[in-house]
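What follows is each chain in one-letter form.
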Amino acid sequence: MNESEEQGVDDAVEAEGLVKHYKSRAGVVEAVRGVDLRVRSGEIFGFLGPNGAGKSTMIRMLTTLLTITSGVARVAGVDVAREPDGARRRMGVALQEAGLDPRQTGRETLVLQGRLFGLSPQEAAARAEELVELVELVDAADRRVKGYSGGMKRRLDLATALVHQPEVLFLDEPTTGLDPASRLTVWDEVRRINQLGTTVFLTTQYLEEADALCERLAIIDDGLIVREGTPAALKAELRDRLHLTGEPTLDDVFLDATGRTRSRAAGDVQEVTA
Amino acid sequence: MTAWVLGQRALREAWRTPEALVPTLFIPLFFLVVVVGQAGKIFPAASTGFLKGQGYGAFQLPASLLLAASFGTAALFLVEDIEGGYFDKLRATPIPRTSIVLGRLIAEVAKGLLIATLIVLLGLVFGITIASGVLGFVLLVGLTAVWSAVFVGFMQLIALKTRSAAATNSGGLVFFPLLFLTPNFVPRDMLTRPMEVAASFNPVTYVMEGLRSLILEDLEWSAILPAFAVAAVLGALMLALNVRMIRRYD
């Protein structure tokens, strides 16, 4: 029996007691303090949390980009620390920065990505053609990325993450900085990718995004998971626990889970006057 | 194989940024013209034994070639990759970490071959001859290109450690002492004793003497082999340190 079978095929992402400590000049920073998590195959899973809560650290550990201080993480059944290359073949990664080379064209970017995942030049070219159609960048495919809009870069970044047809797609704040129209386009892409059978693990700061896209979600705060469940279940739990008369929003769940209040959150925003 | 694929990407990057490539050719030629203009009369070809019958420009050409090999622009492109997130995208692919380093070094060797060939050809136009013949010419540009990869390897270490363009640029200034603590104006046996000791500890000295030997003499393996040995050993060291740093990159 191989490792995948032992872990069960239903879990696309698993974390057990995941911990990340950084050494800094001020001492040891405990960015993630023991996270247990399971994401089922085929779902869109949202990972929420305030700034600095540990979202990006978690996604970087799961995608082999950060070493793990302790605990175990598996993606598609493969231990990311023990078999990083095996895990990388099963996952696609689109990080916050839309990591693209501005001097390459969209097509060159996709062909190169395909070659790095072992495709022949012909296979990589054919796959690039499929992907520019999927993310609707056919007309811009032979232009340099430098001239792309923010939304186009995000869609190209998504396409690069899909070159090798991964089982799990990690998206770190995929719509941060996008205008509302581009955001809706990325949502459509994410849904379409998921319908094709790819599990999606996304972090976001936008609760409406999590509500619109995610079947289940977890909220991390101060390096620990503080809520986990479907959006409907989390709202129902809050309504019942606080005996609310109206239906709470995901914002209310988030604020309750992270110990923040609306007035405190509003206080974080400084009004700028001329 | 993946190293070559990444090397092609790095070459496209260089080709599409000519403004980063032009100074690599222009500054070393400027340096050659200025030094020969200032010191050429002190060392007349007819009465200066160490010139082996050539002008002072032939003696100075290795310093210009080494200067051309010390720009390390590839390391600055690496910082751009790190800052822009493309480096993480590469790290998330199942390729050997060696390929990530080698890709840029392969491109640097190719760029080094082009730049060194252009500088030497321009030298030929102005009367410098390559005494070691066609094989010597090939070894001359080859050694320069390999040295440029060694230097970029060093600058990439700074880039990976600091992730900062400013720090990488500043770190690259180490080429000044490395280039000038050498017998760059006169042969090593004519240096003052402290300078001779310093030059003897500087690996660049052996590369410079190898390059100079290829220009002024027939194939003199006692000077050529140490130059290639220094470049090979330091090249292997830089590769190993780069790979180690990428593996530990958090």
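Residues numbered from 1 in each chain as written. Chains lettered and ligands numbered in written order. Predicted model: local features only at pLDDT ≥ 70, side-chain atom pairs only at ≥ 80, totals over all residues.

> Go over the overall build of chain A with me, naming the residues and quoting the values.
Tallying secondary structure elements over chain A gives 11 helices and 10 strands in all. The C-alpha atoms of chain A give a radius of gyration of 19 Å, which matches the 19 Å a tight globule of 274 residues would have. Seen along its three principal axes, the alpha-carbon backbone of chain A occupies a region of about 60 × 60 × 45 Å. Taking as baseline every contact in chain A between residues at least 6 positions apart, the subset at least 24 positions apart corresponds to 67%. (Helix = DSSP H or I, 4+ residues; strand = E, 2+ residues; numbered from the N terminus. Rg over C-alpha atoms; globule rule 2.2 N^0.38 Å. Contact = placed C-beta atoms within 7 Å.)

> If you had to explain the overall build of chain B to someone new, which residues and values would you point to?
When helices and strands are tallied, chain B shows 12 helices and zero strands. Reading the secondary structure of chain B in the N-to-C direction produces α-α-α-α-α-α-α-α-α-α-α-α. With the C-alpha coordinates aligned to their principal axes, the bounding extent of chain B is approximately 60 × 35 × 30 Å. Relative to its 250 residues, chain B shows a buried fraction of 44%. Contacts in chain B between residues far apart in sequence, at least 24 positions, make up 78% of those at least 6 positions apart. (Buried ≥ 20, exposed ≤ 12 C-beta atoms within 10 Å, placed from the backbone.)

> Break down the sheet that holds strand β4 (residues 70-75) of chain A for me, citing the residues and quoting the values.
Residues and elements named next belong to chain A. The strand order across the open sheet built from four strands is β2-β1-β4-β5, with neighbouring strands paired in antiparallel fashion. At either end of the open sheet lies a strand with only one pairing partner, and these are β2 (27-40) and β5 (78-79). Both strand β1 (residues 11-24) and β2 contribute to a ladder of 11 bridges, which runs antiparallel. For E14, the partnering residue across the bridge sits in β2 and is R38. (Pairing = 2+ DSSP bridges.)

> Which residues make up helix α2 (residues 55-62) of chain A, and what values do they have?
Note: α-helices contain 3.6 residues per turn, so residues at a spacing of three or four share the same orientation. Residue and element names in this part refer to chain A. Summarising burial for α2: eight of the eight residues are buried, a large majority. Within α2, burial applies to K55, S56, T57, M58, I59, R60, M61 and L62. Downstream of α2 by a residue or two, T64 has a phi angle that is positive, lying close to 70°.

> Requested: an account of the interface of chain A and chain B, with residues and values cited.
Where the parts come together, the accessible area they lose is often given as the size of the interface. Every contact between the two is made by 22 residues of chain A and, on the other side, 18 residues of chain B. Mapped onto the side of chain A that touches chain B, the elements with two or more residues apiece are α3 (84-90) and α4 (106-116) of chain A.

> Kindly report on the packing of helix α9 (residues 231-242) of chain A against helix α10 (residues 250-257) of chain A, identifying the contributing residues and their values.
All names here are of chain A. In contact at an axis separation of 9 Å, α9 and α10 are set at 65° when each is read in the N-to-C sense. Considered as vectors, α9 and α10 are oriented roughly perpendicular to each other. Considering only the axes of α9 and α10, their crossing is left-handed. Within the contact between the two elements, α9 uses P231, L234, K235 and L238 and α10 uses L250, D252, V253 and D256. Within the contact of α9 with α10, the residues separate by chemical class into five nonpolar, no polar and three charged. (Axes fitted to C-alpha atoms, helices over the stretch in contact; angles between N-to-C directions. Parallel < 35°, antiparallel > 145°, perpendicular 65-115°, else oblique. Left-handed = near helix turned anticlockwise from the far one by under 90°. Nonpolar A, V, L, I, M, F, W, Y, C, P; charged D, E, K, R; others polar.)

> Explain the sheet that holds strand β10 (residues 224-229) of chain A to me, and be specific about the residues and the numbers.
All names here are of chain A. Overall, mixed pairing links the six strands, which are arranged β6-β7-β8-β3-β9-β10 in an open sheet. The open sheet has two edge strands, β6 (91-94) and β10, and neither has a second partner. Ignoring which end each strand starts from, the neighbouring axes of this sheet average 15° apart. Sheet topology places strand β7 (residues 168-172) next to strand β8 (residues 199-204); five bridges connect them, and they run parallel. The partner of V168 across the bridge, within β8, is T199. Of the strands in this sheet, β6 and β7 are in contact with helix α6 (residues 150-162), which crosses β6 at around 160°.

> An account of unusual backbone geometry is requested, with residue identities and associated values reported.
Residues and elements named next belong to chain A. Phi is positive for A76, close to 50°, though the residue is something other than glycine. When you line up the elements, A76 lands in the loop between β4 and β5. Exposure remark for A76: the 21 C-beta atoms within 10 Å place this residue in the buried category.

> Provide a residue-level description of the environment of L162 of chain A, including the pertinent values.
All names here are of chain A. Relative to the assigned elements, L162 resides in helix α6. Owing to 23 C-beta atoms within 10 Å, L162 belongs among the buried residues under this scheme. On a C-alpha basis, the gap between L162 and I193 in space is 8.7 Å, while along the polypeptide they are 31 residues apart. Filtering out sequence-adjacent residues up to four positions away, L162 remains in contact with G92, L131 and I193.

> Explain the pairing of β1 of chain A to me, using residue names and the numbers behind them.
All names here are of chain A. Counting the residues in the hairpin turn of β1 and β2 gives two residues. Across five bridges, the pairing between β1 and β4 is antiparallel. Among the inter-strand pairings, E14 is bridged to a residue of β4, identified as R74.

> Now, about the environment of R244 of chain B: what can you tell me, with residues and values included?
Residues and elements named next belong to chain B. When you line up the elements, R244 lands in helix α12 (residues 221-247). Since 14 C-beta atoms lie within 10 Å of it, R244 is described here as partly exposed. Sequence separation between R244 and L157 is 87 residues; the distance between their C-alpha atoms is 9.9 Å.

> Pulling in residues and values, what's your account of the packing of α6 of chain A against helix α7 (residues 180-195) of chain A?
Each pair of packed helices can be described by the angle between their axes along with the distance between the axes. Residues and elements named next belong to chain A. Following both chains from N to C, one finds α6 and α7 inclined at 15°, their axes separated by 9 Å at the closest point. Viewed along their axes, α6 and α7 adopt a mutual orientation that is roughly parallel. Judged by the sense of rotation from one axis to the other, the crossing of α6 with α7 is right-handed. Taking contact as the criterion, the partners of G150, G151, R154, R155, L158 and L162 in α6 are, on α7, S182, T185, V186, E189 and I193.

> Before we move on, could you go through the pairing of strand β9 (residues 216-221) of chain A and cite the residues and values that matter?
Residues and elements named next belong to chain A. Bridge analysis of strand β3 (residues 44-48) against β9 gives four bridges, and the strand direction is parallel. Residue pairing for β9: L48 is matched across the bridge by I219. Note that β9 and β10 share five bridges and pair antiparallel. Within the sheet, the bridge partner assigned to I219 lies in β10 and is R227. Counted between consecutive antiparallel strands, the loop separating β9 from β10 contains two residues, among which D222 sits at a positive phi close to 55°.

> Before we move on, could you go through the confidence of the model for chain A and cite the residues and values that matter?
Residues and elements named next belong to chain A. Mean pLDDT over chain A: 88, with 92% of residues reaching 70 or higher. Considering only residues more than four positions removed or in separate chains, one finds that residues 1-8, a stretch of pLDDT under 50, has eight contacts. In this model residues 265-274 is a low-confidence stretch, pLDDT under 50, and it forms two contacts with partners more than four residues away in sequence or in other chains. (pLDDT = per-residue confidence, 0-100.)

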